[in-house]
Structure formats: C-alpha cells, structure tokens
Amino acid sequence: MTAQRLLSTGWRAALLPVALIGLAQLAATATALESDSLASPFDIAKAFFSVVADGSLLRATADTLKAAAAGCLLGVGAGSLLGIVLGLSRIADDALDLTIELLRPIPVVALIPVVMMLLGFGAEMEIVIIALGMLWPSVLLARAAVKEVEPRLIEVSSVLQLGFAARLGKIVLPAILPQLFMSLKLAAGYALVVAVTVEITANPLGLGYGIMMAQQALRPAEMFAYLIWIGAIGWLISLLLNAAQRAFFPAFVKGEGR
C-alpha cells in the first residue's frame, strides 16, 4: 500500500472510532458520569498522560513487549523447526501426530499453574507460557508449508543425495520463508494477547498487571487507558510487520491480494 493510498483510506478508517469517542464524551457529559466502572474519553486521556508522565505505563509496556517478543520468537522458532522436520519425515510425522493432537487443544492458560510451580513468578514463567501458546500453531503451519513445496524439488534433493541440513538450506527454507514469516506475523499479535492474559492472572508485571491494579483501585479511567494503549500497540505491531512483509516478500503479498 503506497503512502498516498494509506492517506486516502486512513481518514475513512478513522471515522467510526472518532464518532464513537465523540458520542461517548457527549453521553458522559450529558449524564454527568460518575462511576467506579466507566469513564469519559476526556478522563481516559487525562489518565493516559498521567501514567505516561510518571513512567509506569512505559515500564509496563517494556516488560510486556520483552516477554511477548522473547516468547514469540522462541515458540515460533521451535515450532517451525519441528514442523519442518515433520513435513520432511513421514516417519516422524506419523510418530508424533497423536501426541500433537492430544497436546494442541490444551488452552495455554491451563498451563499457567504447572509452569508457575516450576518457575515461580517472573518474566521467565511468562515467556515460557507465551512460547507454549505459539508452539503448536507454528508446527502446523510449517508442516503444511513444507508439504506444499514443489514435489519435483524434493525429488531432485533425493537424487542429489542431499543431507537434511543441505535440503533444508537450499530447497525447503527458500520455498517456505514467506509462509514462515506469515506464521510469525500471526503469532506476534497472539503473543501480546497471551502476555497480557498471563499478567492479569498470574504475573505481577507489565500491562496486564497495570489493568488489574487500576481495576482494584477503582480507577476506571486508568484501566481504560491501559486497554486502549494495548490496542494501539497491537495495531502498530501489525503495521510494522505488514510493511516488512511488503518489503521482503512483495510477490507473496500480491498473491494474497489475488
């Protein structure tokens, strides 16, 4: 998407959010809103600048993003590698298929007590939970991508008697790299969701913990400021990854558009 097109469509995309904010402010003003659970957009904006000024929002953002990035890269990396092995080896695929299908449906939040018993509170626990949440989707996407590689290329590698590392580096990775990047792009947004969820439920760090503290202190404006900020971060991450995809895999993006 060119800059001109982005500008021409951006104002239309902003119409609904701006209208909703205006209506919410009008309603809050008309009813003289005083609530322990709701806040006007004006109060939310004041609370946002307050937590920015005291540094608490920036510290929480750094904690959440560090855990989300580390967990995402660890989970996607390990999952993609395992998926590639399963895609290349029928024996390994058959041997692990039942195990994967049994473990994959377990919600990642259900693993929080187990990981907490092993690692306690802290960033390490959060990173492991995020990585586990990214693992199985990455396995499935990478395995499917490998199986879609042109069969003649795999046959050529067999004829040339290429080892696993040579086959991976010369044939498989170049063919599936766009799909692996797509897996990373999808995982990045989900990693932020998992990170905030872990912080709300179990880990006294980051943006999720900030939401909990604001809610327990009956500061709804601050709570909504955190929520809106999380949405803005997710939107920014999506913009950056989409730009990277257009820069590095333009042909793949055009193929998606068709």
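Just so you know, the residues in each chain are numbered from 1, in the order the chain's sequence is written. Given that this is a predicted model, residues contribute local features only at a pLDDT of at least 70 and side-chain atom pairs are listed and counted only at 80 or more, while totals for whole chains, interfaces and linings are drawn from all residues. Derived side-chain values reflect all non-hydrogen atoms in the structure, with water molecules and hydrogen atoms excluded from consideration.

K.L.:
Lay out helix H10 (residues 220-248) with the relevant residues and their values.
P.N.:
Here H10 spans 42 Å end to end across 29 residues, near enough to the 42 Å set by a 1.5 Å rise per residue. Burial status follows relative accessibility: with a 1.4 Å probe on protein chains alone, a residue under 20% of its type maximum counts as buried, one over 50% as exposed, and anything between as partly exposed. The numbering of helices and of strands both runs from the N terminus, where a helix is a DSSP run of H or I of at least 4 residues and a strand a run of E of at least 2. Of all the positions in H10, only Pro220, Ala221, Glu222, Met223, Ala225, Tyr226, Ile230, Ile233, Leu241, Ala244 and Gln245 are classed as buried. One less than the number of residues in a helix, times 1.5 Å, gives the span that helix is expected to have.

K.L.:
Tell me about the environment of valine 149, residues and numbers included.
P.N.:
Tracing the sequence through the fold places valine 149 in the loop between helix H6 (123-147) and helix H7 (151-159). Residues valine 149 and phenylalanine 48 lie 101 residues apart in sequence; the distance between their C-alpha atoms is 49 Å. Those residues in contact with valine 149 that lie beyond four places of it in its chain are Ile154, Ala175 and Ile176. Any two residues having at least one pair of non-hydrogen atoms within 4.5 Å are treated as being in contact.

K.L.:
Could you give an account of the nonpolar core, naming the residues involved and the relevant values?
P.N.:
Ranked by size, the top nonpolar core spans 17 residues in total, and within it Met125, Ile129, Ile130, Met134, Ala191, Val194 and Val198 carry the most contacts. Each residue touching methionine 134, except ones within four places of it in the same chain, is listed here: Gly71, Cys72, Gly75, Val76, Ala187, Tyr190, Ala191 and Val194. Val51, Ile211, Ala214 and Tyr226 belong to the second largest nonpolar core, which has 12 residues in total. Definition used in this section: a nonpolar core is a set of buried Ala, Val, Leu, Ile, Met, Phe, Trp, Tyr and Cys residues joined via side-chain atoms within 4.5 Å.

K.L.:
Quick one: what's the story with the packing of aromatic side chains, residue by residue and with numbers?
P.N.:
Here a pair means two rings of Phe, Tyr or Trp (six-membered ring of Trp) with centres within 6.5 Å. Their orientation is stacked below 30 degrees between planes, edge-to-face above 60, and tilted elsewhere. Under the definition given, this model contains two aromatic pairs. On the numbers, 5.5 Å between centres and 75 degrees between planes, the contact of phenylalanine 48 with phenylalanine 49 is edge-to-face. Residue phenylalanine 49 is classed as exposed on the basis of its relative accessible area of 57%. Their ring planes at 50 degrees and their centres at 5.7 Å tell us that phenylalanine 48 and tryptophan 229 sit as a pair that is tilted. Taken as a pair, phenylalanine 48 in helix H2 (residues 41-53) and tryptophan 229 in helix H10 lie far apart in primary sequence, 181 residues in all. According to the relative accessible area criterion, phenylalanine 48 is partly exposed, its value standing at 22%. A relative accessible area of 25% means that tryptophan 229 is categorised as partly exposed. An aromatic cluster is built from Phe48, Phe49 and Trp229, whose rings are joined through pairwise contacts.

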